[in-house]
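One-letter residues, chain by chain:
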There are 2 protein chains.
Amino acid sequence: MERQSRTTSPDMRERDYDNRDSERDFPIDESHALIASNKVEGTAVYNRAGDRLGSIHNFMVGKQSGKVEYAVLTFGGFLGMGGNYYPLPWKMLNYDTDQGGYVVDIDEDDLDKAPSYREGAEPEFDRTYATTVYGYYGLPY
Amino acid sequence: MERQSRTTSPDMRERDYDNRDSERDFPIDESHALIASNKVEGTAVYNRAGDRLGSIHNFMVGKQSGKVEYAVLTFGGFLGMGGNYYPLPWKMLNYDTDQGGYVVDIDEDDLDKAPSYREGAEPEFDRTYATTVYGYYGLPY
């Protein structure tokens, strides 16, 4: 696949963002403004330094609101089993066409201390938990 | 699994709704207010008469907004391949613990004429399309 050079022009960045589908090997399942849930799941996540942090396991949607509250980053474990799960506020994820994955502004030390859970020990995803998670990343809930 | 009798009391219905996880065989991946994306995918969809219409293939999320705009119903095809895809406004889906799936207020004749697409022929999920789909089901976009 041809690798396009990046540019810092805001216009171009916006285009890169909207263009993400053409950079990936999955069937195109959505267009400009929307992304398919099954395309987000499994996508790699990198930090700003380019280190691979893990991948998106799934994401959590408000049953009534239809709003995605967290994308859940996972790493460790084997074949998706037994890893640790880190809920990230959806707005932290930015797709990077060069990396072929999401880039989040977290370094690995911060991630170590971030709210997380193990398989089978999921938290109550209530407002208290949301405030904790969003607060950890300096975002309002 | 023990089958609970239904009740029409609003309180009880609300509890049924929030209780849905305990009625299912999937690992519990979320709690009251939120549902995990990978738990929605594959869930059966019924009409009000109890006929199975198909299942949820995936759902479409606004990249920027984090808002789920459609849950995509599929039926026909084989092992998830080659079927038809019917985008439904998220708010049309109501989980029914007795059915073990979502119930939507559409009859099969209406579904036949509903906006749909085949695999590999996905529409532009733009505002025009959204207005068409939401309009078909009598909902504002």
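Here the structure is shown first, and the text comes after it.
Reference entry: report on the structure contained in this document.

Cut-offs used in this document
Residues numbered from 1 in each chain as written. Chains lettered and ligands numbered in written order. Predicted model: local features only at pLDDT ≥ 70, side-chain atom pairs only at ≥ 80, totals over all residues. Heavy atoms only, no water. Helix = DSSP H or I, 4+ residues; strand = E, 2+ residues; numbered from the N terminus. Buried < 20%, exposed > 50% of the residue type's maximum accessible area, 1.4 Å probe, protein only. Contact = heavy atoms within 4.5 Å. Areas by Shrake-Rupley, 256 points an atom, 1.4 Å probe, with all protein chains shown as cover. Patch = residues over 30% accessible without salt bridge, like charges linked within 9 Å, V, L, I, M, F, W, Y side chains within 5 Å. Salt bridge = Lys/Arg side-chain N within 4 Å of Asp/Glu carboxyl O. Lys, Arg positive; Asp, Glu negative; His and termini not counted. Charge placed at Lys NZ, Arg CZ, Asp CG, Glu CD. Pairing = 2+ DSSP bridges.

1. Here's the deal with the overall build of chain A
Link 1 in the chain: Per the secondary structure count, chain A includes four helices and eight strands.
Link 2 in the chain: Ordered by position from N to C terminus, the α and β elements of chain A give α-β-α-β-β-β-β-β-β-α-β-α.
Link 3 in the chain: Sorting the 141 residues of chain A into buried and exposed places 48% on the buried side.
Link 4 in the chain: The contacts of chain A with a sequence gap of at least 6 include a subset with a gap of at least 24, amounting to 43%.
Link 5 in the chain: As presented, chain A carries roughly 7400 Å² of accessible surface, and 48% of it is formed by carbon and sulfur atoms.

2. Points about the environment of Tyr-46 of chain A
Residues and elements named next belong to chain A.
Link 1 in the chain: Here Tyr-46 shows up in strand E2 (residues 44-47).
Link 2 in the chain: A relative accessible area of 14% means that Tyr-46 is categorised as buried.
Link 3 in the chain: With 60 residues separating them in the primary sequence, Tyr-46 and Ile-106 have C-alpha atoms 8.9 Å apart.
Link 4 in the chain: The contacts of Tyr-46, once residues within four sequence positions are left out, are Asp-51, Arg-52, Leu-53, Gln-99, Gly-101, Tyr-102, Val-103 and Val-104.

3. A look at a positive patch on the surface
Link 1 in the chain: On the surface, a cluster of positive charge is contributed by Lys-67 and Lys-91 of chain A together with Lys-67 and Lys-91 of chain B.
Link 2 in the chain: With respect to the helices, strands and loops of the structure, Lys-67 of chain A is situated in the loop between strand E3 (52-62) and strand E4 (68-75).

4. Describing the side chain of Asn-58 of chain A
Link 1 in the chain: When you line up the elements, Asn-58 of chain A lands in strand E3.
Link 2 in the chain: Overall, Asn-58 of chain A belongs to the buried group, its relative accessible area being 1%.

5. Here's the deal with the pairing of E3 of chain A
Link 1 in the chain: For E3 of chain A, a buried count of nine out of eleven residues is recorded, marking the element as mostly surrounded by other parts of the structure.
Link 2 in the chain: The antiparallel hairpin formed by E2 of chain A and E3 of chain A contains four residues in its connecting segment, where Gly-50 of chain A sits at a positive phi of about 90°.
Link 3 in the chain: The hairpin turn running from E3 of chain A into E4 of chain A, its antiparallel successor, is five residues long, and Gly-66 of chain A in that turn takes a positive phi close to 70°.
Link 4 in the chain: One ladder, built from three bridges, connects E3 of chain A with strand E1 (residues 34-36) of chain B; its direction is antiparallel. If you follow Val-61 of chain A over to E1 of chain B, its bridge partner there is Ile-35 of chain B.

Treat this as a map of the structure, not an account of what it does.
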